[in-house]
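Results of the structural survey
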Amino acid sequence: MANVDKVVEQLDFLIKASENYIKNDSWSLLDGAADDPIVLSNRLEAAIERAARPGSIYMKQLQSARIKIQPNRLRELRIVALGLRDDLIAGWVESVVELVHADTYRDYLEMAEELLAKGYKDAAAVIAGTSLEVHVRALCAKNNVTTTVAGKPKKADTMNADLKKAGVYDGLQQKEVTAWMDLRNKAAHGNYPDYDRDQVRRLIDGVEAFMRKYPA
């Protein structure tokens, strides 16, 4: 949540910084301070793009606002930023959290890719499988599925089954996740001859597609 707080802080700063220009209808692009509203507009655009998911209503509003002529451009950008900020504070926008998670998982999967390319299939399998387990736990949290039992963390296969029961994904996806977790366990326990490089390749690709399809 700290990442969401940071985005809210950035939006709030830019919203307040634009207040003087919004209140003053007389400023012109010919003024000596013309660069300030232009810079503010650009920074507001960038902040909204960082915080909003592609295809969201905020991005559609942004596309409409950015083609306006000043001072309307700054005014409309500020309105978009206000709505986005308030929704983030209210917890109605999941995209920032999901994007932060996605970036983190992508880093680990890239690491697995590099290890596999260098011939370290076992380490690659462990990293990709661990990323999968962390993502499954995050999916549980997102969908109000408990991640503990009797005060102890649930096992990955239990959480996988619970997500299927909750309707987050179907039985076929559950079986795929089970197979990926099995490969990861083999790697973690030193059963290296039980799988080959191609299987690790499919593991990485499968986990990446799974994370995109079911963001957490």
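Going by the structure above, here's the rest.
Residues numbered from 1 in each chain as written. Predicted model: local features only at pLDDT ≥ 70, side-chain atom pairs only at ≥ 80, totals over all residues. Heavy atoms only, no water.

Notes on the overall build of the chain
Helix and strand counts for the chain stand at ten helices and two strands. When the helices and strands of the chain are listed from N to C terminus, the series reads α-α-α-α-α-α-α-β-β-α-α-α. In the chain, which comprises 216 residues, the share counted as buried stands at 39%. Taking the intrachain contacts of the chain between residues at least 6 apart in sequence as the baseline, contacts between residues at least 24 apart amount to 65%. For the chain, the accessible area works out to roughly 12200 Å², and carbon and sulfur atoms hold 53% of it. (Helix = DSSP H or I, 4+ residues; strand = E, 2+ residues; numbered from the N terminus. Buried < 20%, exposed > 50% of the residue type's maximum accessible area, 1.4 Å probe, protein only. Contact = heavy atoms within 4.5 Å. Areas by Shrake-Rupley, 256 points an atom, 1.4 Å probe, with all protein chains shown as cover.)

Here we look at the pattern of salt bridges
According to the stated counting rule, one finds 14 salt bridges in the structure shown. Notably, a salt bridge pairs arginine 85 with aspartate 86, separated by 3.1 Å at the nearest N-O pair. In this structure, arginine 201 and glutamate 113 form a salt bridge, with 2.7 Å as the shortest nitrogen-oxygen distance. Highlighted residues: arginine 201 in helix 10 (residues 197-213) and glutamate 113 in helix 6 (residues 95-117), separated in sequence by 88 residues. Among the charged side chains, a salt-bridge network with shared partners connects Asp12, Lys16, Arg85 and Asp86. (Salt bridge = Lys/Arg side-chain N within 4 Å of Asp/Glu carboxyl O.)

So, the packing of aromatic side chains
Tallied over the full model, the rule gives four aromatic pairs. Here tyrosine 169 and phenylalanine 210 contribute two aromatic rings whose centre-to-centre distance is 5.7 Å and whose plane-to-plane angle is 70°, an arrangement assigned as edge-to-face. Taken together, the residues span a long stretch of sequence, with tyrosine 169 in the loop between helix 8 (156-165) and helix 9 (171-188) and phenylalanine 210 in helix 10 at a distance of 41 residues. Of the two residues, tyrosine 169 and phenylalanine 210, both sit in the buried class. Three or more aromatic residues link up through ring pairs in this structure, and these residues are Tyr169, Trp180, Phe210 and Tyr214. Positioned above the aromatic ring of tyrosine 195, the side-chain terminus of lysine 121 is 3.8 Å from the ring centre. (Phe/Tyr/Trp six-rings, centres within 6.5 Å; stacked < 30°, edge-to-face > 60°. Lys NZ or Arg CZ within 6 Å of the ring centre and 35° of its normal.)

Here we look at unusual backbone geometry
The omega torsion across glutamine 70 and proline 71 is 10°, close enough to zero to call that bond cis. Assignment of secondary structure puts proline 71 in the loop between helix 4 (57-65) and helix 5 (72-90). The phi angle at asparagine 144 is positive, at roughly 60°, despite the residue not being glycine. Positionally, asparagine 144 belongs in the loop between helix 7 (121-142) and strand 1 (148-149). Under the relative-accessibility criterion, asparagine 144 is labelled exposed at 72%. Positive phi, normally seen in glycine, also occurs at alanine 150, with a value near 55°. Mapped onto the fold, alanine 150 is located in the loop between strand 1 and strand 2 (152-153).

Things to note about the nonpolar core
Among the nonpolar cores identified, the biggest contains 33 residues, and Leu132, Val136, Leu163, Tyr169, Val177, Val200 and Phe210 are the most heavily contacted of them. For this core, the secondary structure elements donating two or more residues are helix 6, helix 7, helix 8, helix 9 and helix 10. The contacts of leucine 163, once residues within four sequence positions are left out, are Val136, Leu139, Cys140, Val145, Val168 and Tyr169. With 23 residues, the next largest nonpolar core counts Val8, Leu11, Ala47 and Ala52 among its residues. (Core = buried A, V, L, I, M, F, W, Y, C linked by side-chain atoms within 4.5 Å.)

Digging into the environment of alanine 81
The topology assignment puts alanine 81 in helix 5. Linking alanine 81 and isoleucine 48, residues 33 residues apart in sequence, is a C-alpha distance of 6.4 Å. Residues within four places of alanine 81 in sequence aside, it is in contact with Leu11, Ile15, Leu44 and Ile48.

Topic: helix 9
Taking 1.5 Å per residue as the helical rise, helix 9 with its 18 residues ought to reach 26 Å, and the 25 Å between its terminal C-alpha atoms agrees with that figure. All buried positions along helix 9 are accounted for by Gln173, Val177, Trp180, Met181, Leu183, Arg184 and Ala187. What you see down the axis of helix 9 is that its buried residues fit within an arc of 155°, all on one side. In helix 9, the exposed positions angled more than 90 degrees off the buried face are occupied by Leu172 and Lys175. Its buried side turned inward, helix 9 meets helix 7, helix 8 and helix 10. If you check the start of helix 9, you find a side-chain oxygen 3.3 Å away from the backbone N of leucine 172, and it comes from aspartate 170. (Expected span 1.5 Å × (residues − 1). Arc of directions from axis to C-beta. Polar contact = N/O pair within 3.5 Å; in protein donor to acceptor, adjacent residues only side chain to side chain.)

All quantities given are derived from atomic positions and should not be read as evidence of function.
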